[in-house]
Amino acid sequence: MDTVSDSVDSSIGAGSSALEYSIAIPSKTVYGSRMSQNATTPDNFWNKFDKNGPIPKLYPELGPCWIWGGAKNKFGYGVTSVKKKFWYVHRLSYLFHHGSIPEGLSVLHHCDNPPCGCPGHLFAGTEEANNKDRDAKNRQAKGSGHGMAKLTEADVLAIRKAYRYGVRGHGAAATAKRFKIGKFMVLAIVHNSNWTHI
């Protein structure tokens, strides 16, 4: 393991004492990319970004994304190690720029681009705010586009047509058996609790 001593720029603020450290970067591989030495020293951290990334479609006024050039996880988020601790680079970017992450908040992307670490694209918010932002931008996979979906939109329409309360052979149990799903899923579909987009 390589160790590089460095301290963080004083402009980061009082809440940043956790960032004044000796940086330890292990020589391990994360999803095919070897973590490079010195990636998280303040001087070298910003050099690991391609600052001419794509411009966010919903917020072009933010300017281009800064795409992390180091290791990424399977979801595309930039990752590195600081003092034997795993970090998302967008969180480090926020810390270097703002000084601290408020208690109980996450660092979110305005640009919805996981490898982006541009400080102007990042904001602190709750998981609820992140979920509302996701829904407002229609980023949530729906229907058969969701990786865990067992049904198609055509199946859902067929279930709604086939189900008849109180009619033998067309109730929730019979319809569930026909489509190889649970009885409660059938009821959720016919009562529009699930698959509400169709």
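Analysis parameters
- Residues numbered from 1 in each chain as written.
- Predicted model: local features only at pLDDT ≥ 70, side-chain atom pairs only at ≥ 80, totals over all residues.
- Heavy atoms only, no water.
- Helix = DSSP H or I, 4+ residues; strand = E, 2+ residues; numbered from the N terminus.
- Buried < 20%, exposed > 50% of the residue type's maximum accessible area, 1.4 Å probe, protein only.
- Contact = heavy atoms within 4.5 Å.
- Areas by Shrake-Rupley, 256 points an atom, 1.4 Å probe, with all protein chains shown as cover.
- Core = buried A, V, L, I, M, F, W, Y, C linked by side-chain atoms within 4.5 Å.
- pLDDT = per-residue confidence, 0-100.

J.: Tell me about the overall build of the protein, and name the residues and values.
T.: Looking only at helices and strands, the protein features 6 helices and 10 strands. Here the protein holds 198 residues, and the buried ones make up 38% of them. Taking all contacts inside the protein whose residues are at least 6 apart in sequence as the whole, residues at least 24 apart take part in 46%. Here the protein displays about 11800 Å² of accessible surface, and carbon together with sulfur accounts for 51% of that area.

J.: Describe the nonpolar core, and please don't skip the residues or the numbers.
T.: Judged by nonpolar contacts, the single largest core of 13 residues is most densely connected at Phe45 and Leu92. Top contributing element to this core by residue count: helix α2 (residues 89–98), with 5 residues. Of all hydrophobic cores here, the second largest spans 12 residues; its members include Ile159, Tyr163, Ala172 and Val190.

J.: I'd like a description of the confidence of the model for the protein, backed by residues and values.
T.: Here the protein shows a mean pLDDT of 77. Residues at 70 or above account for 74%. Within the protein, strand β6 (residues 67–68) carries the highest mean pLDDT (96), whereas strand β1 (residues 2–6) carries the lowest (28). For the stretch residues 1–40, pLDDT sits under 50, and the model shows 84 contacts to residues farther than four places along the chain or on other chains.

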